[in-house]
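Structure assessment
Listed below, chain by chain, are the residues.
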Amino acid sequence: MAGGNERSMKALKEVWRRAENSLCADCGKPDPDWASSTLGVFICLSCSGIHRNIPSISKVKSLKMDHWDDAQVQFLAKHGNAVTKATYEAHIPIYYYQPTYNDCQVLREQWIRAKYERKEFTEPGKQLPYSDGVKEGILWKRGRDNGQFLPRKFLLSEREGCLKYFTKQDAKEPKINVKIDVINATFQPVKIGNPNGLQITYLKDNKTRNIFVYHESGKEVVDWFNAIRSVQFHYLKVAFPIANDNEIKNRLTRNFLKEGYMEKTGPKQREAFKKRWFTLDHRRLMYFKDPLDAFAKGEVFVGSRENGYSVQKGLPSGTQGNFSWHYGLTIVTPDREYLFTCETETDQLDWIAAFTSIINQAMTPQEYASKCLDPVSFPS
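Residues numbered from 1 in each chain as written. Predicted model: local features only at pLDDT ≥ 70, side-chain atom pairs only at ≥ 80, totals over all residues. Heavy atoms only, no water.

**Comments concerning the overall build of the chain**
Looking only at helices and strands, the chain features ten helices and 17 strands. When the backbone C-alpha atoms are referred to their principal axes, the chain occupies close to 80 × 55 × 45 Å. When the 380 residues of the chain are sorted by exposure, 48% land in the buried category. Intrachain contacts of the chain at a sequence separation of at least 6 include 54% that bridge at least 24 residues. Summed over its atoms, the accessible surface of the chain is roughly 18,700 Å², and 50% of this surface lies on carbon and sulfur atoms. Taking the average location of the 55 positive side-chain charges in the chain and that of its 45 negative ones, the two points are 3 Å from each other. (Helix = DSSP H or I, 4+ residues; strand = E, 2+ residues; numbered from the N terminus. Buried < 20%, exposed > 50% of the residue type's maximum accessible area, 1.4 Å probe, protein only. Contact = heavy atoms within 4.5 Å. Areas by Shrake-Rupley, 256 points an atom, 1.4 Å probe, with all protein chains shown as cover. Lys, Arg positive; Asp, Glu negative; His and termini not counted. Charge placed at Lys NZ, Arg CZ, Asp CG, Glu CD.)

Written out as structure tokens, the structure is:
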């Protein structure tokens, strides 16, 4: 019996060491140490917990702690991540967001359920709930002034190229009507305080407006998210006919580079530093009094190094404003310097890394145009 166990473990390790199985089949996390004995995929601990919630589809076991018999090992050897992906990921729409291990639970869970439970990507041309160019339904939206979440009707239309929401079910005129090309959507469960929380942002008069929504159903809110990406993709295909699909895909919804609290001072650099919530959305650095504010109190454009932008650790000598946090950083622009302080050195270094990643990127013609249209800077 012992010899059989050793033989099985040796065979298991050989399959496990294959290059195709070195990343989690669902989120891409390196060194997965769990596997599904019914699907034949190698997965990480976090994704194994999601698989465990769909036992009719997937039965998971630890590769290190559990016993694998010969038949199960042979099944893994016959399948593995590459073969299984070829079946369950054969026809993923290019606009569909495939989450990584850095993404939130609802995105990863619905991705796994879409693949293995609903089998959304196994057949070409399958009608999907986010692919027909129109979506209408109720989302719970946070009120701008009172902070209450109330049900609101939303309508997404590819034909009209817009997203609308209505304050009443029978309202004929929408409260907002936003062009699809100025919309971004990103999941914010922690900030919104709901596991299915979605932040929708859009540009109005070249300023950013935030809408915070959720739905009780994780599937429904992820369907909304991918419906927005679908409509954006088809809109941009028409607007930029010579761009290839991957170029367009890279212009769809994006996660913020970094968010968090810092202290800031005003343009005279003698005012007291105030604690504010900051969001770095590519080249837009915005600050808010509260993370759930609808409008930013100020924005600044973060350009490229060759255009005179840089980030420096620390504050200029002789900085006079009073501050309670002592890990400073300075954003240098052609117009002025912006001074910030962080609570910890880790925060300071993370912010510097985020700014550096943007400043080191060359600016596109569209970003040059955005800079010309966007003279906004931080008020005092």
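Now that the structure has been shown, we can carry on.
**Looking at empty space enclosed by the protein**
Tallied over the entire structure, the rule returns three cavities of 30 Å³ or more. Forming the walls of the largest cavity are Lys-141, Arg-142, Gly-143, Arg-144, Arg-209, Asn-210, Ile-211, Phe-212, Leu-292, Asp-293 and Ala-294. The element best represented in the lining of the largest cavity is strand E10 (residues 207-214), accounting for four residues. Along the lines of polarity and charge, the residues of the lining of the largest cavity split into four nonpolar, two polar and five charged. If you count residues domain by domain, the lining of the largest cavity takes at least three from each of domain 2 (134-250) and domain 3 (258-373). (1 Å grid on protein atoms, 1.4 Å probe; cavity = no way out; pocket = protein on both sides within 12 Å on 5 of 7 lines; lining within 4 Å. Points joined across faces, edges and corners; volume = space filled by probe spheres on them. Nonpolar A, V, L, I, M, F, W, Y, C, P; charged D, E, K, R; others polar. Domains from an automatic or database assignment.)

**Section: the nonpolar core**
Formed by 54 residues in total, the largest nonpolar core has its most connected members in Ile-43, Leu-156, Ile-183, Phe-187, Leu-198 and Ile-200. Split by domain, this core shows at least three residues from each of two domains, domain 1 (1-117) and domain 2 (134-250). Excluding anything up to four places from it in sequence, Leu-198 contacts Ala-185, Thr-186, Phe-187, Gln-188, Ile-192, Ile-211, Phe-212, Val-213, Val-221 and Phe-225. (Core = buried A, V, L, I, M, F, W, Y, C linked by side-chain atoms within 4.5 Å.)

**Side note on the UniProt feature "domain: PH" (unreviewed entry) in the chain**
Taking the UniProt record as the reference, the feature "domain: PH" (unreviewed entry) is found at residues 132-233 and 255-360. Between the C-alpha atoms that bound residues 132-233 the distance is 12 Å, and the span itself is 20% helix and 46% strand. Within the segment residues 255-360, helix and strand shares are 14% and 38% respectively, and the terminal C-alpha atoms sit 19 Å apart. (UniProt positions renumbered as here; feature names shortened; annotations may be inferred.)

**Here's the deal with the UniProt feature "domain: Arf-GAP" (unreviewed entry) in the chain**
Sites flagged by UniProt as "domain: Arf-GAP" (unreviewed entry) map to residues 6-129. For residues 6-129, the end-to-end C-alpha separation is 48 Å, with 40% helix and 6% strand making up the annotated structure.

**Here we look at the domain arrangement of the chain**
Taken domain by domain, the chain comprises domain 1 (1-117), domain 2 (134-250) and domain 3 (258-373). Computed over C-alpha atoms, the centres of domain 1 and domain 3 are 42 Å apart.

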